[in-house]
Amino acid sequence: MTESKALHGKVALVTGGARGIGRAIALGLGAAGADVAVADLRLEPFRGERWFRLRERWSGDDEETPTAAAARALGVRACQVAMDVAEEASVLAGIAQVESELGPIDILVNNAGIVNNIASIEEMSAEAWEQEIRVNLTGGFHCVKAAVPSMAERGWGRVVNIASVAAVQPPLGQPAYAASKAAVVSFTRAVAQEFGPRGVTANAILPGLIGTPLVLSMPARIRERSVEGIPVQRLGEPADIANLAVFLASPASGFVTATAIPCDGGWLGAPLGGLGD
Ligand code: NAD
């Protein structure tokens, strides 16, 4: 019981928390006792036609209830803020709102991210490149700059950045995404270096293929082939990422910093294949 409430009294901000992995992390932090602020471009769960088609195959929670309301049902305080992480003014306004509603932020999870464009380098426009870098990399910079100095002043804080296995193994057709995620890993180390002496740790998680609606919308044949290369032989669940994020956000992880931890069913470390046939 003590373990499950390890984050009681802490305030956490999760960007991109309206759905998918960010939602699972926000609810995981709430279940561990943290008060939770959910920041996203939109405040309601995603309601596209495609989402309804995918629901049958969606093995996570059904995302019917907005994340902040679902967190409150866990018995913690929660709020939601509209925020575009790519815009510094929006981040500053959103963080001011969180601080006034919940108090100073102790745990920052930079999860908001996009794959804007599937294109070769030759085909990719400079604008599409810029947009992915602005959301995936600069977004995290804006949030760290706005939230972490206050953690350092108070002598305790946690930053968890959601990168991707693409940081190490760039998928074909996602050059900006892969480059942005590799830069997130490097930025994570810079945060750990600068703020570590003042009690703040920073770590990156490298999710593998996680069964969010985004991934479930891939053609079944491609998905199944991808699963064949994963030692544990399944897609990840958002909760797999949330479990690791909650640990990295907790006091128990105080000697873990500046790391980039794959959470990918073994895909990067021990890929299957090449054994005969
Ligand atoms: P998702 O698209 O389901 O959710 C992302 C959320 O971020 C959405 O709610 C979206 O509105 C929000 N968002 C997008 N741009 C934003 C912005 N500018 N400001 C604020 N919020 C914004 O994605 P997901 O699959 O849950 O992925 C979450 C994170 O995990 C991303 O950083 C992604 O790159 C990373 N990731 C996902 C996978 C996977 O297999 N799903 C694998 C590796 C890494």
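Look a little higher up for the structure.
Definitions and cut-offs
Counting restarts for each chain, with residues numbered from 1 along the sequence as it is written. Whole-chain, interface and lining totals are the exception, using all residues; otherwise, since this is a predicted model, local features are given only for residues with pLDDT of at least 70 and side-chain atom pairs are given and counted only at 80 or more. Each side-chain value is derived from all of the structure's non-hydrogen atoms; neither hydrogens nor water enter the calculation. Buried Ala, Val, Leu, Ile, Met, Phe, Trp, Tyr and Cys residues form a nonpolar core when they are joined through side-chain atoms within 4.5 Å. The buried label goes to any residue with under 20% of its type's maximum accessible area, the exposed label to any with over 50%, and the partly exposed label to all in between, with areas taken from a 1.4 Å probe on protein chains only. For helices the rule is a DSSP run of H or I covering at least 4 residues; for strands it is a run of E covering at least 2, with both sets numbered from the N terminus onward. The contact criterion used throughout is that any non-hydrogen atoms of two residues lie within 4.5 Å. N or O atoms closer than or at 3.5 Å make up a polar contact, with two conditions inside protein: a donor-capable atom paired with an acceptor-capable one, and, for residues adjacent in sequence, both atoms drawn from side chains. Each helix should span, by expectation, one fewer than its residue count multiplied by 1.5 Å. Paired rings are identified among Phe, Tyr and Trp, the last through its six-membered ring, by centres lying within 6.5 Å, and are further divided according to the angle between planes into stacked (under 30 degrees), edge-to-face (over 60) and tilted (the rest). The rule is short: NZ of Lys or CZ of Arg within 6 Å of the ring centre and within 35 degrees of the ring normal puts a charge over the ring. Residues are labelled near a given molecule or strand when at least one of their non-hydrogen atoms is within 4 Å of it. To measure how exposed things are, a 1.4 Å probe is used in the Shrake-Rupley method; for residues, cover is taken only from the protein chains shown. Amino acid classes used here: Ala, Val, Leu, Ile, Met, Phe, Trp, Tyr, Cys and Pro are nonpolar; Asp, Glu, Lys and Arg are charged; the rest, including Gly, are polar. Whether two strands pair comes down to DSSP finding at least two bridges between them. For helices, the fitted axis covers only the stretch in contact; all axes are lines through C-alpha atoms, and the angles between them, taken along N-to-C directions, range from 0 to 180 degrees.

Some points on the nonpolar core
- Grouped together as the largest cluster of nonpolar side chains are 33 residues, with contacts concentrated most on L7, I25, L29, V109, I205 and I241.
- The set of elements that each furnish at least two residues to this core consists of strand 1 (11-15), helix 1 (20-31), strand 2 (35-40), helix 3 (67-72), strand 4 (107-110), strand 5 (157-162) and helix 9 (238-249).
- When residues in this core are grouped by element, the largest group, 7 residues, is from helix 9.
- Other than its neighbours up to four places away in sequence, L7 contacts L29, A32, G33, A34, I107, V246, A249, S250 and P251.
- Counting 29 residues, the second-largest nonpolar core is a separate cluster that includes A39, V98, C143 and V148.

Digging into the side chain of T67
- Within the secondary structure layout, T67 lies in helix 3.
- The class of T67 is buried, set by a relative accessible area of 3%.
- One polar contact links T67 to R23, side chain to side chain, over a distance of 3.3 Å.
- Other than its neighbours up to four places away in sequence, T67 contacts G17, A18, R19, R23, A26, L27 and V38.

Some remarks on helix 4 (residues 88-102)
- The end-to-end C-alpha distance of helix 4 is 21 Å, a good match for the 21 Å that 15 residues give at a rise of 1.5 Å each.
- On its buried face, helix 4 sits against strand 1, strand 2, strand 3 (78-82) and helix 5 (126-154).

Quick look at the packing of aromatic side chains
- By the definition in use, this model includes 1 aromatic pair.
- Here the aromatic rings of F141 and F187 are separated by 6.4 Å at their centres, their planes lie at 70 degrees, and the arrangement is edge-to-face. With F141 in helix 5 and F187 in helix 6 (residues 175-195), the pair connects residues that are 46 residues apart, well separated along the chain.
- One residue, K10, lies across the ring of W156, its end atom 3.9 Å from the ring centre.

Considering the site of the ligand
- By nearness alone, 27 residues border the ligand, and R19, D40, D84, N111 and Y177 come closest of all.
- A distance of 2.9 Å separates an oxygen atom of the ligand from a polar atom in the backbone of I21.
- Protein chains shield 93% of the accessible area of the ligand, which is 830 Å² for the free molecule.
- Looking at the shell around the ligand, the elements with two or more residues in it are helix 1 and helix 6.
- Grouping the constituent residues of the shell around the ligand by class yields 15 nonpolar, 7 polar and 5 charged.

Things to note about the sheet that holds strand 5
- Pairing is parallel in the open sheet, where 7 strands are placed in the order 3-2-1-4-5-6-7. Each edge of the open sheet carries a strand with a single partner, namely strand 3 and strand 7 (260-263). Strand-to-strand, the axes of this sheet are offset by a mean angle of 20 degrees, without reference to chain direction.
- Pairing of strand 5 with strand 6 (residues 200-207) involves 6 bridges; the strand directions are parallel. When the sheet's bridge partners are listed, I162 is paired in strand 6 with I205.

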